[in-house]
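# Coordinate analysis (summary)
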Amino acid sequence: PDILAAEAQVHAATAAVGVAEAQLYPSLDLTGSFTQQAAKLGPLFDGVNSVWSIAASLTAPVFHGGQLEAQHRAAIDQLAAQLGIYRQTVLTAFGQVADLLRALEHDAQLLAAEQRAMTVAQASSSLTLEAYRAGQASLLQVLDAQRLAAQAQLGYVRAKAQRYQDTAQLFAAMGGAWRDWKDPALRIVTSGSR
């Protein structure tokens, strides 16, 4: 949306340059009229009673003290400024998208690592509980293993939430809803373990 708005401003500035340039040249106005006149009502619509009139007028900027030229230069400068704003907007938008894609890649790696940690912590908790039942571990060891498993699960949930947040920010930066995306490469980046 930012890029489209900046593009519209460039189009408006381009049109303003065209208007300012057109004001530098003479303008030619052509007018025409057709009338009927007769002394009596009966022969009013005869061809001999028709009168055509064509007129032309030419107006040229003679002396404006350089005002028109200055307006033309100002319009060109305004166009250059709008082009600069457009370029900056495009670069900013591409930078945001690139940063978010990089964040999504990092999120996928973090999510995989947190899932591995959660799996290991849950297995360790199960083994510690079995050892406690067999009399080989203390209750404190079981509680500690369960605490570590809960922390690993919390880390996994936080990583998953961060990935969802970065995905939503990517959709917002791209200016579209998730169902509008047809690019399979984008679905690979944003999909993964859920």
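Only a predicted model underlies this, so the values are computations on that prediction, with no experimental measurement involved.

The secondary structure content of the protein amounts to 4 helices and 2 strands. Sequence-ordered secondary structure for the protein, helices as α and strands as β, is α-β-β-α-α-α. When burial is assessed residue by residue, the protein has 21% of its 194 residues classed as buried. At a minimum sequence separation of 6, the contacts of the protein that also span at least 24 residues come to 69%.

In this section: the pattern of salt bridges. Side chains that carry opposite charge are capable of pairing whenever their charged atoms lie near each other. The tally for this structure, following the rule as stated, stands at 3 salt bridges. A salt bridge links aspartate 99 to arginine 102; its shortest N-O distance comes to 3.1 Å. Taken as a pair, aspartate 99 and arginine 102 lie in helix α2 (residues 67–133) at a separation of 3 residues, close to a single helical turn. The class for aspartate 99 is partly exposed, based on a relative accessible area of 45%. When its relative accessible area of 51% is taken as the criterion, arginine 102 is described as exposed. Between arginine 133 and glutamate 130 there is a salt bridge whose closest N-O contact spans 3.2 Å.

Here we come to the nonpolar core. Counting residues in hydrophobic clusters, the biggest one holds 7 residues: Leu111, Met118, Ala121, Ala149, Ala152, Tyr156 and Ala159. What methionine 118 contacts, discounting residues up to four positions off in sequence, is Ala152, Gln153 and Tyr156. The next biggest cluster of nonpolar side chains, apart from the first, holds 6 residues, and it includes Ala13, Val17, Ala20 and Ala75.

With that out of the way, let us pick up the side chain of glutamine 82. Relative to the elements of secondary structure, glutamine 82 occurs in helix α2. Looking at glutamine 82, the relative accessible area reads 11%, which means it is buried.

Below, the discussion takes up the confidence of the model for the protein. Of all residues in the protein, 74% attain a pLDDT of 70 or more, and the chain-wide mean is 82. Low confidence marks residues 188–194, where pLDDT is under 50. Its contacts with residues over four positions away, or in another chain, come to 15 contacts.

In this section: the packing of helix α1 (residues 2–22) against α2. Between α1 and α2, whose axes approach to 9 Å, the crossing angle comes to 165°. Taken together, the axis directions place α1 and α2 in an arrangement best described as roughly antiparallel. α2 is crossed by α1, and the crossing has left-handed handedness. Here Asp2, Ile3, Ala6, Glu7, Gln9, Val10, Ala13, Thr14, Ala16, Val17, Ala20 and Glu21 of α1 come into contact with α2, specifically with Gln71, His72, Ala75, Ile76, Gln78, Leu79, Gln82, Leu83, Tyr86, Thr89, Val90 and Ala93.

Right, let's talk about α1 for a bit. Spanning 21 residues, α1 covers 31 Å between terminal C-alpha atoms, matching the ideal 30 Å at 1.5 Å per step. Every buried residue of α1 is accounted for by Ala6, Val10, Ala13, Val17 and Ala20. Here the buried residues of α1 occupy an arc of 85° about the axis, which is enough to place them on one side. Exposed side chains of α1 directed beyond 90 degrees from the buried face belong to Leu4, His11 and Val19. On its buried face, α1 is in contact with α2.

A cluster of nonpolar side chains, Tyr132, Leu139 and Leu143, forms an exposed patch at the surface whose accessible area comes to about 280 Å². The residue leucine 143 is located in helix α3 (residues 139–174) in this model.

Moving on: the packing of α2 against α3. Running from N to C, α2 and α3 cross one another at 160°; their axes reach a closest spacing of 8 Å. When the axis of α2 is compared with that of α3, the two are roughly antiparallel. Seen from above, α2 lies across α3 with left-handed handedness. Per-class residue counts for the contact of α2 with α3 are 24 nonpolar, 12 polar and 5 charged.

Rules behind the numbers
- Within any chain, residue numbers begin from 1 and follow the written order of that chain's sequence.
- pLDDT decides what is reported in this predicted model: residues at 70 or higher carry local features, side-chain atom pairs at 80 or more are listed and counted, and totals for whole chains, interfaces and linings draw on all residues regardless.
- Computation of side-chain values covers all heavy atoms of the structure but excludes hydrogens and water.
- Helix and strand labels come from DSSP, where a helix needs a run of H or I of at least four residues and a strand needs a run of E of at least two; each type is numbered from the N terminus.
- Between buried and exposed lies partly exposed: a residue is buried under 20% and exposed over 50% of the maximum accessible area for its type, with that area taken using a 1.4 Å probe on protein chains only.
- Residues are treated as being in contact if the distance between any of their heavy atoms lies within 4.5 Å.
- Salt bridges are defined as contacts in which a side-chain nitrogen from Lys or Arg sits within 4 Å of a carboxyl oxygen from Asp or Glu.
- For our purposes a nonpolar core is just a set of buried Ala, Val, Leu, Ile, Met, Phe, Trp, Tyr and Cys residues, chained together by side-chain atoms within 4.5 Å.
- The pLDDT value tells you how sure the predictor is about a given residue, anywhere from 0 up to 100.
- To obtain an axis, a line is fitted to C-alpha atoms, over the contacting stretch when the element is a helix, and the angle between two such axes runs from 0 to 180 degrees between their N-to-C directions.
- Oblique is the label for any angle not under 35 degrees, not over 145, and not in the 65 to 115 range, which are roughly parallel, roughly antiparallel and roughly perpendicular in turn.
- The handedness criterion is simple: a crossing whose near helix is rotated anticlockwise from the far helix by less than a right angle is left-handed, and one whose near helix is rotated clockwise is right-handed.
- By this rule the span expected of a helix is its residue count minus one, scaled by 1.5 Å.
- The arc in question is the one spanned by the directions pointing from the helix axis to the C-beta atoms.
- Without a salt bridge and with relative accessible area above 30%, a residue can belong to a patch; like charges are then joined within 9 Å and nonpolar side chains (Val, Leu, Ile, Met, Phe, Trp, Tyr) within 5 Å.
- The method behind every accessible area is Shrake-Rupley, applied with a 1.4 Å probe, and residues are considered shielded solely by the protein chains displayed.
- In this classification, the charged set is Asp, Glu, Lys and Arg, the nonpolar set is Ala, Val, Leu, Ile, Met, Phe, Trp, Tyr, Cys and Pro, and all remaining amino acids, among them Gly, are polar.

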